[in-house]
Amino acid sequence: MGLFIILLLAAATVLLIRNMNARLRRLPERFPAPGGEPGTPEAGVERSGVAAERIDVARSDAAPPAPRSSGDAAAS
């Protein structure tokens, strides 16, 4: 009985994988931006609080802040 259940689950898994692969092939390569500037991943998405901070930190194209020298603070 256990072998029958395992084989049934394996067959269901294979069929689900085949179905999802067929659906993924039918998807377009790129989706249009929901609004704002085209090509930006955050266009049209409101960001707030900690989530916005995590997104900003995680962005690889964000430039690190310039180091401040001790002379800058005295000059201002």
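Since the structure is predicted, the reported quantities are computational estimates derived from the model, not experimental observations.

Parameters and conventions
- Residues numbered from 1 in each chain as written.
- Predicted model: local features only at pLDDT ≥ 70, side-chain atom pairs only at ≥ 80, totals over all residues.
- Heavy atoms only, no water.
- Helix = DSSP H or I, 4+ residues; strand = E, 2+ residues; numbered from the N terminus.
- Areas by Shrake-Rupley, 256 points an atom, 1.4 Å probe, with all protein chains shown as cover.
- Patch = residues over 30% accessible without salt bridge, like charges linked within 9 Å, V, L, I, M, F, W, Y side chains within 5 Å.
- Salt bridge = Lys/Arg side-chain N within 4 Å of Asp/Glu carboxyl O.
- Buried < 20%, exposed > 50% of the residue type's maximum accessible area, 1.4 Å probe, protein only.
- pLDDT = per-residue confidence, 0-100.

**Focus on the overall build of the chain**
A count of helices and strands for the chain gives 3 helices and 0 strands. Each helix (α) and strand (β) of the chain, taken in turn from the N terminus, gives the series α-α-α. Of the roughly 7300 Å² of accessible surface on the chain, a fraction of 62% belongs to carbon and sulfur atoms.

**Notes on a nonpolar patch on the surface**
A contiguous nonpolar surface patch, about 600 Å² in accessible area, is contributed by Met1, Phe4, Ile5, Leu8 and Leu9. Of note, leucine 9 is situated in helix α1 (residues 2-26). Given the relative accessible area of 55%, leucine 9 is considered exposed.

**Topic: the confidence of the model for the chain**
A residue-level look at the chain finds 46% of positions with pLDDT of 70 or above and a mean pLDDT of 74. Within the chain, the element-level pLDDT minimum falls on helix α2 (residues 49-58), averaging 53, and the maximum on α1, averaging 97.

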